[in-house]
Amino acid sequence: MGRVAAPFGVKGAVRIEPFGDDKESLCRHSAWWVGKPGKLNQVAVAECRAQGTQLIARFEGCADRDEALKYRGFEVALRREDLPEPAEHEFYQADLIGLAVVNAKGEQLGTVAGFFSTGANEVMRVAHEGGERLLPVAGGVVRKVDLQAGTVEVDWGTDW
């Protein structure tokens, strides 16, 4: 859902870089899962507000800048059951990880390994035998997602 960028002020607040369009949705939750990948801990959110493109939050028990500094670089997540159901033809990125990526010709390009944002658009990491492909999640590149079949169809060549 986001990442702790840095401490904010001297009273234990942190700046959060939210992922996604609805940055304030995180503020509607009283607890977040915060930490390094695979080592997230539930943290009670004492305060949260939007400021520009970021959020300013303070966690329970975090009362000064030194304590807030310990959170720098940590991921911010929510439990799956706390998220709303995606609309038709929408998907959570986490649901796509591990799916086979194929093009319109049926050629296997690899499997979805993850996503990252460039600021201009999201990028899908596709792992394959020779390494990794980076495909933009924009401009009609992702043509179809079939969760039942476990595939993501893309408009992309094997030699691109």
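To be clear, the structure that these remarks concern was listed above.
Residues numbered from 1 in each chain as written. Predicted model: local features only at pLDDT ≥ 70, side-chain atom pairs only at ≥ 80, totals over all residues. Heavy atoms only, no water.

A. Main features of the packing of aromatic side chains. Applying the stated criterion across every chain, the model contains four aromatic pairs. Taken together, a centroid distance of 5.7 Å and an interplanar angle of 80 degrees make the contact between Trp32 and Phe59 edge-to-face. A residue pair is termed long-range when its members are at least 10 positions apart, and Trp32 in strand E3 (residues 31–36) and Phe59 in strand E5 (residues 54–59) qualify at 27 residues. Phe59 carries the same exposure label as Trp32, and that label is buried. With 5.4 Å between their ring centres and 65 degrees between their planes, Trp156 and Trp160 make a pair best called edge-to-face. Looking at Trp160, the relative accessible area reads 57%, which means it is exposed. Site record: aromatic cluster; members linked through ring pairs are Trp32, Phe59, Tyr71 and Phe74. (Phe/Tyr/Trp six-rings, centres within 6.5 Å; stacked < 30°, edge-to-face > 60°. Helix = DSSP H or I, 4+ residues; strand = E, 2+ residues; numbered from the N terminus. Buried < 20%, exposed > 50% of the residue type's maximum accessible area, 1.4 Å probe, protein only.)

B. Just the nonpolar core, in detail. Grouped together as the largest cluster of nonpolar side chains are 17 residues, with contacts concentrated most on Val14, Ile16, Trp32, Phe59 and Tyr71. Among the secondary structure elements, those contributing two or more residues to this core are strand E2 (13–18), E3, strand E4 (39–51) and E5. Those residues within four positions of Tyr71 in sequence are excluded, and the remaining contacts are Val4, Val14, Val34, Val43, Phe59 and Cys62. Among the nonpolar cores identified, the runner-up in size contains 14 residues, and Leu96, Leu99, Val112 and Met124 belong to it. (Core = buried A, V, L, I, M, F, W, Y, C linked by side-chain atoms within 4.5 Å. Contact = heavy atoms within 4.5 Å.)

C. Structural context of the environment of Glu107. Relative to the elements of secondary structure, Glu107 occurs in the loop between strand E7 (100–103) and strand E8 (108–117). Put simply, Glu107 and Pro7 are 100 residues apart on the chain and 47 Å apart in space, counted from C-alpha to C-alpha. Beyond its immediate chain neighbours, meaning those up to four positions away, Glu107 contacts Val101, Val102 and Thr158. Side chain to side chain, Glu107 and Asn103 meet in a polar contact 2.6 Å long. (Polar contact = N/O pair within 3.5 Å; in protein donor to acceptor, adjacent residues only side chain to side chain.)

D. The sheet that holds E5, seen in detail. With antiparallel pairing, six strands are arranged side by side around a closed barrel as E1-E2-E5-E4-E3-E6. Shown here is a sheet whose adjacent strand axes are inclined to one another by a mean of 45 degrees, direction ignored. (Pairing = 2+ DSSP bridges. Axes fitted to C-alpha atoms, helices over the stretch in contact; angles between N-to-C directions.)

E. Layout of the environment of Glu17. Counting through the fold element by element, Glu17 comes out in strand E2. Taking C-alpha positions, Glu17 is 12 Å from Gly119, a pair spaced 102 residues apart along the chain. Once you skip the residues sitting within four places of it in the chain, Glu17 turns out to touch Gly2, Arg3, Ala5 and Gln54. Within the structure, the side chain of Glu17 is placed 2.7 Å from the side chain of Arg3, a separation counted as a polar contact.

F. Expanded view of the pattern of salt bridges. For the structure shown, the criterion picks out eight salt bridges. The partner of Glu81 in a salt bridge is Arg79, and the shortest N-O contact between them spans 3.4 Å. Here Asp95 and Arg80 are joined by a salt bridge, their closest N and O atoms 2.6 Å apart. Remark: Arg80 occurs in the loop between strand E6 (75–77) and helix H2 (93–96) and Asp95 occurs in helix H2; sequence separation between them is 15 residues. Given a relative accessible area of 24%, Asp95 falls into the partly exposed group. (Salt bridge = Lys/Arg side-chain N within 4 Å of Asp/Glu carboxyl O.)

G. Here's a closer look at the state of the cysteines. Taken as a whole and judged by the stated rule, the model has one disulfide. One disulfide in the model links Cys27 with Cys48; its S-S distance is 2.0 Å. Across the disulfide from Cys27 to Cys48, rotation about the S-S bond amounts to roughly -55 degrees, and the bridge is consequently left-handed. Pair noted here: Cys27 is in the loop between E2 and E3 and Cys48 is in strand E4, with a separation of 21 residues, a long-range link. On the basis of relative accessibility, which here comes to 23%, the residue Cys48 falls in the partly exposed class. There is no disulfide at Cys62, and the cysteine sulfur nearest it, in Cys48, is 14 Å away. (Disulfide = S-S within 2.5 Å.)

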